[in-house]
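Residues per chain, in single letters:
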Amino acid sequence: QQDCFAAEDFIMRIGVLTVVGPFGGFSATCEIFSTPCVWSGVRGTGLAEGDRIMLLKACGTGNVEAGFPQNSITTATFDANTGSWTYRFSVSDNTISAGGGIYQMCWCSVSTTPCMYPAHFLVPSGILTVFGPERDHYYSCVKDQRCFIEEFGGL
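In this report, the structure presented in the accompanying data block is examined.

Calculation notes
Residues numbered from 1 in each chain as written. Predicted model: local features only at pLDDT ≥ 70, side-chain atom pairs only at ≥ 80, totals over all residues. Heavy atoms only, no water. Core = buried A, V, L, I, M, F, W, Y, C linked by side-chain atoms within 4.5 Å. Buried < 20%, exposed > 50% of the residue type's maximum accessible area, 1.4 Å probe, protein only. Helix = DSSP H or I, 4+ residues; strand = E, 2+ residues; numbered from the N terminus. Pairing = 2+ DSSP bridges. Axes fitted to C-alpha atoms, helices over the stretch in contact; angles between N-to-C directions. Disulfide = S-S within 2.5 Å. Contact = heavy atoms within 4.5 Å. Polar contact = N/O pair within 3.5 Å; in protein donor to acceptor, adjacent residues only side chain to side chain. Patch = residues over 30% accessible without salt bridge, like charges linked within 9 Å, V, L, I, M, F, W, Y side chains within 5 Å. Areas by Shrake-Rupley, 256 points an atom, 1.4 Å probe, with all protein chains shown as cover. Salt bridge = Lys/Arg side-chain N within 4 Å of Asp/Glu carboxyl O. Phe/Tyr/Trp six-rings, centres within 6.5 Å; stacked < 30°, edge-to-face > 60°. Lys NZ or Arg CZ within 6 Å of the ring centre and 35° of its normal.

## Remarks on the nonpolar core
Then comes step 1: Formed by 22 residues in total, the largest nonpolar core has its most connected members in W39, L55, F68, Y87, I96, M105 and L128.
Then comes step 2: Mapped by element, the contributors of at least two residues to this core are strand 2 (26-31), strand 3 (39-42), strand 5 (52-56), strand 7 (84-89), strand 8 (101-108) and strand 9 (123-131).

## Brief notes about the sheet that holds strand 7
Then comes step 1: With mixed pairing, 7 strands are arranged side by side in an open sheet as 2-9-8-5-6-7-3. Only two strands of the sheet have a single partner each, and these edge strands are strand 2 and strand 3. The average undirected angle you get between the axes of adjacent strands in this sheet is 30°.
Then comes step 2: Bridge analysis of strand 8 against strand 9 gives 7 bridges, and the strand direction is antiparallel. Note on strand 9: the bridge partner recorded for W107 is V123.

## Digging into the state of the cysteines
Then comes step 1: Scanning the entire structure with this criterion turns up 4 disulfides.
Then comes step 2: With a sulfur-sulfur separation of 2.1 Å, C108 is cross-linked through a disulfide to C115. Here C108 and C115 share a disulfide; its torsion about the S-S bond, -85°, makes the bridge left-handed.
Then comes step 3: You can call C115 buried: its relative accessible area is 0%.
Then comes step 4: Between the sulfur atoms of C141 and its disulfide mate C147 the distance is 1.5 Å.

## Observations regarding the environment of S40
Then comes step 1: You can see S40 is positioned in strand 3.
Then comes step 2: S40 gets classed as partly exposed once you look at its relative accessible area, which sits at 42%.
Then comes step 3: When near neighbours in sequence (up to four residues on either side) are disregarded, S40 contacts F26, W85 and T86.
Then comes step 4: Within the local environment of S40, its side chain forms a polar contact with the side chain of T86, the two groups lying 2.9 Å apart.

## Overview of a nonpolar patch on the surface
Then comes step 1: On the surface, I11, M12 and I14 cluster together into a nonpolar patch covering about 460 Å² of accessible area.
Then comes step 2: Among the secondary structure elements, I11 is positioned in the segment before strand 1 (21-22).

## Quick notes on the pairing of strand 6 (residues 73-79)
Then comes step 1: Note: strand 5 against strand 6, 3 bridges, orientation antiparallel. Residue R52 lies in a different strand from strand 6, and its bridge partner there is T75.
Then comes step 2: Bridge count between strand 6 and strand 7: 6 bridges; the pairing is antiparallel. Following the sheet pairing, T77 is matched in strand 7 by T86.
Then comes step 3: Counting the residues in the hairpin turn of strand 6 and strand 7 gives 4 residues, including G83, whose phi is positive at 70°.

## What about the environment of C4?
Then comes step 1: Relative to the assigned elements, C4 resides in the segment before strand 1.
Then comes step 2: Residues in contact with C4, not counting those within four places in the same chain, are D9 and F10.

## Looking at unusual backbone geometry
Then comes step 1: Even without a glycine there, the phi angle at Q70 is positive, about 55°.
Then comes step 2: Considering the arrangement of structural elements, one finds Q70 in the loop between strand 5 and strand 6.
Then comes step 3: The phi dihedral of S72 falls on the positive side, at around 70°, and the residue is not glycine.

## Section: the packing of aromatic side chains
Then comes step 1: Counted under the stated rule, the structure contains 3 aromatic pairs.
Then comes step 2: An angle of 90° between the planes, with centres 5.0 Å apart, marks the rings of F68 and Y103 as edge-to-face. Within this pair, whereas F68 is found in the loop between strand 5 and strand 6, its partner Y103 is found in strand 8, the two being separated by 35 residues in sequence. Each member of the pair, F68 as well as Y103, carries the same accessibility label: buried.
Then comes step 3: Put simply, the rings of F68, F89 and Y103 pair up and form one aromatic cluster.
Then comes step 4: In this structure, K57 packs its charged tip against the face of Y103, placed 4.3 Å from the ring centre.

Now the structure itself:
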């Protein structure tokens, strides 16, 4: 009986394992109500036309983030000039109104799941930094009283 811990314990090749998905570590930036939020240059193994990325606070969990078109889901198209993938929302202007912050780019292979809900997007592929104020600032002021509105969060 062998324990199979050392490299020399493995003497016979029995196959090849291919891990499909984006390489990870990708980053992009967008601004709210500005130019279209589209990013290019995503690379990986086995990526396909129609694969999707959902923007979430954490991959595979939580709710759809408000302020992104198409329920925060972008779709891949191949760019033959660069040999990489471009992701865009499936709407004409691709502008966003999401709060400023950092969002996880979470990948889903369209060939294995329907890619519709946060639970389908388990694979981190990078981060999207959105420049602008955070959403959901609420302040109350009293009539005829001095009112200070401060400390807006965001990037």
